[in-house]
Amino acid sequence: MAISGSQRQTLRAIVDTFAPATELGEERVPAGSEAGALEAIEEAVASAPRTFDRQQFGLVLSALGGRAATAIAGGGFRRFAALDQQQRERVLLSWADSPLPQRRAVFQALRKAALTMTYLAPGASGQNPRWDVIGYPGPPMDAPKQPHPLRTLPVDGDTDLSCDVVVVGSGAGGGTAAGVLTAAGLDVILVEAGGYFAESDFNGAELEGLKNLYLGAGGIGSDDNSIGLLAGSCLGGGTVINYTTSFRTPDEVRQEWAGLGSAGHASPDYAAAMDAVCERLGVNYEHSAPGSRDALMKSGLDALGWHADFMPRNVRGCNQGERCGFCGYGCPLGAKQSTLKTWINDAAEAGARLLVDTFVTRVMIKRGAAQGIEGQHRASGSRIRVRARAVVSAAGALHTPALLRRSGLRNSAIGSNLRLHPATAVWGVVDERLDPWNGTLQAVYSDQHRDLDGQGYGLKYETAPVQPSILVGFGPWRSGRQHLEMMREISHTAVIGVLLRDKGSGEVRTARDGMPVVRYHLSDEDIAHARVGIEGAAKILEAAGAQRIFTSHSKMVDTHGPVRVEELMRRADAAGFGPAQVGWYSFHIMGSARMGSHPTSSATDPTGQTWEARDLVVCDGSAFPTSSGVNPMISIESTAYMNAQALATRLT
Ligand SMILES: Cc1cc2nc3c(=O)[nH]c(=O)nc-3n(C[C@H](O)[C@H](O)[C@H](O)COP(=O)(O)OP(=O)(O)OC[C@H]3O[C@@H](n4cnc5c(N)ncnc54)[C@H](O)[C@@H]3O)c2cc1C
């Protein structure tokens, strides 16, 4: 959808209100539009997979371009673009603080698009003009281009293939399933919607990395924008871009899942699957040297006498150096043991075929059994059909339920029970330079508040690399100047992430166009846990010597000189914890096609086979009965390992 001239004028006004040109002494900071944000937003919208989203964007621009939108917000009957900066800021803030969640949602969508692209767009010179201003050096330079080690199937026209098992999706679940099934002697075709990228493509550049490696270029969220949803989309899926934290499924979670009907999770087979996965991924504790972010968190935890421990990680030969902080856009050293480097590599060496850039539209089901898949090659539009004796659905917990629905499955558990480990961030500005974009991805965690209800539900404290897009994603915007000041402190800004084990759940609906739409709101109990986490993170930062602390609320919730956590929490309570009042993201998407013992309460049987179609087996994060409470990769790979072995036994 091309936007009209007047819509572009409104978009420019919005972008330059969020990120206006600013005089800093002698220096002039260019406006967002001068950094190339407009073009980057238009390109992102044009490549959005859903027509609905593209239309919504146009509608919002048209509405803001009209006189009524500003009148409602106290801007008088004038078009948004005709107001001055102060008036425009007032209009945007009235949306940010509106009692209507829909208005807050529109504000959040505009804020993220405008500011993300302001700090990510390459600018006219190839380097974003704001990076110098905020003291961000950008990613390390390109590795020399090298040929990709794996061969993928060429597509030159409509294609018909056949095999024993076709695996849809190549992330933690699909990659592992392909490895296990191929090792069992089965002929496997692995079909992946994303592209194939390897070490020499991983240059740490945020915009390029998001476009090439992330689902929806990192820009998707729940239907009201109250929570952003991050997942990988490339050969290797989330395991290519994830932070390598490798926790085994805790025993009490395994027992809980068994109690909910997934008996296998408490069995010796699952323990053996976790052993095999950790062995293949080289999970170890020898690569957890804390960078400045993690060292600061550890110092705060130690000062408080709180639990702190080092992360197990799936890396081999990780140098834990500066460029490691950029591995969220792929590890250029090849140290991260993604499924691409492990199971998919093993499968390909043993003869499995890899088909990339191919979106599977449906599973073919006849007489109650899966018979293969149909899909479309993205670049050429060619039709792809793969006939098979069995199908593994491992498209991730957003796309597996949508795929099952598009294939005609009706079970009500498909799409319900979505779990997200909602994550928010608390920020601390310290005297020393931290360069929080550098260093080991994640090295330290705390389970101090792991169990807040006596049933294993609580939260984890972790850090993560902070490139500009992360601070933009979570951090508050109250004016162009305030935001710029916040960004100018990025090199001195520490983050404590609060990851909830969510007790409540949401749902993945399948829209008329067949695409997933997420509804998710935190339950009251989860909000109460979030409050504990935000307060806990602030205490950690205070103990570590932060001079100023602020939360990820939409309103400014901060404390400085001297820091007082009580006051911060009073402000947090006043700012609220409702939808789009706090910045939330999910890095862990789970539970939307859960395993269980009965079709009324689960989407699959205890081996992952769907109740409605034989030989259609779910092998990804959607299979979890509840959230794992720990970063889920090892649990997903182990579940996929167990389910794929059961399938291999049936087929061979
Ligand atoms: C930034 C980030 C950091 C993370 N860090 C950690 C960490 O440190 N430790 C940890 O345990 N977890 C981490 N995670 C989470 C972890 O990576 C994911 O939970 C895991 O990869 C999910 O596995 P999956 O198999 O369910 O789906 P995915 O890995 O998301 O794989 C699904 C694949 O299916 C493809 N697909 C979707 N639809 C279709 C279709 N219709 N046809 C064909 N292909 C399709 C997608 O393109 C994707 O590649 C992180 C996640 C993110 C986003």
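Since this is a predicted model, take the numbers as computed values, not measurements.

(A) Representation of the domain arrangement of the protein within the structure. Examined at the domain level, the protein breaks down into domain 1 (5-134), domain 2 (159-282 + 337-417 + 588-651) and domain 3 (423-501 + 523-583). Taken over C-alpha atoms, the centre of domain 1 sits 37 Å from the centre of domain 2. Between domain 1 and domain 2, the residue contacts involve 9 residues of the former and 7 residues of the latter. Summing both sides of the interface, domain 1 and domain 2 together bury roughly 650 Å²; the carbon and sulfur share of this comes to 64%. Summed over the shared surface of domain 1 and domain 2, the result is 1 salt bridge. Along the contact surface separating domain 1 from domain 2 lie 2 residue pairs in polar contact (both at pLDDT 80 or more). The greatest single-element share of the side of domain 1 that touches domain 2, amounting to 6 residues, is contributed by helix α6 (residues 101-120). Counted by class, the side of domain 1 that touches domain 2 contains 6 nonpolar, 1 polar and 2 charged residues.

(B) Summary view of the packing of aromatic side chains. One pass over the structure, following the stated rule, counts 14 aromatic pairs. Between F247 and Y445, the ring centres sit 4.8 Å apart and the planes meet at 80°, which makes this aromatic pair edge-to-face. With F247 in the loop between α10 (238-241) and α11 (251-259) and Y445 in strand β14 (residues 444-446), this residue pair connects regions lying 198 residues apart in the sequence. Taken individually, F247 and Y445 each receive the classification buried, so the pair is uniform in this respect. Positioned above the aromatic ring of F247 is the side chain of K460, whose terminal nitrogen or guanidinium carbon lies 4.8 Å from the ring centre. Sitting over the ring of Y457, R501 keeps its end group 4.0 Å from the ring centre.

(C) Quick look at unusual backbone geometry. Cis geometry is found at the peptide bond from G561 to P562, where omega equals -10°. Along the chain, P562 turns up in the loop between β20 (558-560) and α19 (565-575). Even without a glycine there, the phi angle at T244 is positive, about 70°. Its place among the elements puts T244 in the loop between α10 and α11. For D615, which is not a glycine, the phi torsion comes out positive at approximately 60°. For D615, the location among the structural elements is in the loop between β21 (585-586) and β22 (616-618). Accessibility expressed as a relative area gives 18% for D615, which makes it buried.

(D) Focus on the nonpolar core. Ranked by size, the top nonpolar core spans 108 residues in total, and within it F18, V165, L181, V392 and W427 carry the most contacts. The element best represented in this core is helix α20 (residues 633-651), accounting for 9 residues. Contacts of V392, omitting those with residues within four sequence positions, involve V165, V166, V167, V168, A177, L181, V617, C619 and L647. The next biggest cluster of nonpolar side chains, apart from the first, holds 46 residues, and it includes Y461, I549, M569 and I589.

(E) View of the pattern of salt bridges. Inspection of the entire model under this criterion finds 34 salt bridges. Between K341 and E199 there is a salt bridge, with the nearest N and O atoms lying 2.8 Å from each other. Of the two residues, K341 is situated in the loop between β8 (313-314) and α14 (343-349) and E199 in the loop between β4 (188-191) and α9 (206-213); the sequence distance between them amounts to 142 residues. Judged by its relative accessible area of 32%, K341 is partly exposed. Note that E489 and R548 form a salt bridge whose closest N and O atoms lie 4.0 Å from each other. One end of the pair, E489, is in the loop between α17 (480-488) and β16 (493-500); the other, R548, is in strand β19 (residues 548-550), with 59 residues separating them in the sequence. We classify R548 as buried; its relative accessible area is 17%. Where salt bridges share partners, they join E489, R548, D558, R564, E567 and R571 into one cluster.

Thresholds applied
- Residues numbered from 1 in each chain as written.
- Predicted model: local features only at pLDDT ≥ 70, side-chain atom pairs only at ≥ 80, totals over all residues.
- Heavy atoms only, no water.
- Domains from an automatic or database assignment.
- Contact = heavy atoms within 4.5 Å.
- Buried area = accessible area lost by both parts, 1.4 Å probe.
- Salt bridge = Lys/Arg side-chain N within 4 Å of Asp/Glu carboxyl O.
- Polar contact = N/O pair within 3.5 Å; in protein donor to acceptor, adjacent residues only side chain to side chain.
- Helix = DSSP H or I, 4+ residues; strand = E, 2+ residues; numbered from the N terminus.
- Nonpolar A, V, L, I, M, F, W, Y, C, P; charged D, E, K, R; others polar.
- Phe/Tyr/Trp six-rings, centres within 6.5 Å; stacked < 30°, edge-to-face > 60°.
- Buried < 20%, exposed > 50% of the residue type's maximum accessible area, 1.4 Å probe, protein only.
- Lys NZ or Arg CZ within 6 Å of the ring centre and 35° of its normal.
- Core = buried A, V, L, I, M, F, W, Y, C linked by side-chain atoms within 4.5 Å.

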